[in-house]
Amino acid sequence: MMLRRTTRSVALLLSIRSGGAFTRSSPLPLRCRALATASGADDAGGRAGGRRRRPAGGGRRRRPSTNQRAPQAGDAPSAAAQKRSAVPLGAVVDVVQKEDQPTGKKTRGTVARHLTRAAQHPRGIKVLLAEEVVGRVVEVLETPEVSDDDLAAFARVSN
């Protein structure tokens, strides 16, 4: 481990070697200052100006807001795909899985269960397909006309 040399640390070392007492408030002898200057130390704890330097650009990096982020690949969800009422159980839909979001690859399947509880969602309703695939609906392709009994039977089989 490399120690940072400051004027005070050099003075303390010299004072210990010579057997004299040194405190933080005592003035530094001239020879300590000369020795510290020659060794590259300064009064600011090893930093010029005594202040912590921040990197150019204002300091810590922040995550960009959603308005500034680069858009994901693929199509934005259609208006129907954003409303839960427009995506009934048994509908044939295209979804984008989480791992396929950067590429925008679509998977086609039949809706078995809604995973989004909200009535609408800006990125598309999250569903579980009958093929056991989870994704957000991008487009609703077919909404079949089925009775409530058929939907209840389908929900029992798929869950």
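Here is what the cut-offs are and how they apply
Numbering of residues begins from 1 in every chain and follows the order in which that chain's sequence is written. Reporting of local features is limited, given that this is a predicted model, to residues whose pLDDT is at least 70; pairs of side-chain atoms are given and counted only at 80 or more, and all residues count toward the totals for whole chains, interfaces and linings. Remark: hydrogens and water are excluded; side-chain values derive from all non-hydrogen atoms of the structure. What is meant by a nonpolar core is a set of buried Ala, Val, Leu, Ile, Met, Phe, Trp, Tyr and Cys residues, joined one to another through side-chain atoms within 4.5 Å. To sort residues, take the accessible area from a 1.4 Å probe on protein chains only and compare it with the maximum for the residue type: under 20% means buried, over 50% means exposed, and anything in between is partly exposed. Segments assigned H or I by DSSP are reported as helices when at least four residues long, segments assigned E as strands when at least two residues long, and all are numbered from the N terminus. Whether two residues are in contact is decided by their heavy atoms, any of which lying within 4.5 Å being enough. By definition, two strands form a pair when at least two bridges between them are found by DSSP. Between the N-to-C directions of two axes lies an angle of 0 to 180 degrees, each axis being a line fitted to C-alpha atoms and, for a helix, fitted only over the stretch in contact.

*Asks:* When you look at the nonpolar core in this model, what are you seeing that I'm missing?
*Replies:* It is characteristic of soluble globular proteins that their nonpolar side chains tend to be buried jointly. Among the nonpolar cores identified, the biggest contains 12 residues, and these are Ala81, Val87, Ala91, Val93, Val95, Val111, Ile125, Val127, Leu129, Val133, Val137 and Val140. Where this core is concerned, the elements lending two or more residues are strand 1 (92-96), strand 3 (126-129) and strand 4 (134-142). When near neighbours in sequence (up to four residues on either side) are disregarded, Val140 contacts Ala80, Ala81, Ala86, Val87, Val92 and Val93.

*Asks:* Explanation requested: the sheet that holds strand 2 (residues 106-114) in the structure shown.
*Replies:* Where strands meet in a sheet, backbone hydrogen bonds hold them as pairs that are either parallel or antiparallel. Ordered in space as 1-2-3-4, the four strands form a closed barrel in which the pairing is antiparallel. Between one strand axis and the next, the sheet turns through 70° on average, direction left out of account. Summarising the sheet, strand 1 and strand 2 pair through five bridges and their orientation is antiparallel. Following the sheet pairing, Val92 is matched in strand 2 by Thr110.

*Asks:* What's the story with the pairing of strand 3 in this structure? I'm lost.
*Replies:* Regular strands place side chains that alternate from one sheet face to the opposite one. Relative to strand 3, strand 2 runs antiparallel, the two being bridged by three bridges. Counted as the bridge partner of Val111 is Leu129 from strand 3. In this sheet, strand 4 lies alongside strand 3 in antiparallel orientation, the contact comprising three bridges. Each bridged residue has a counterpart across the sheet, and for Val127 the counterpart in strand 4 is Gly135.

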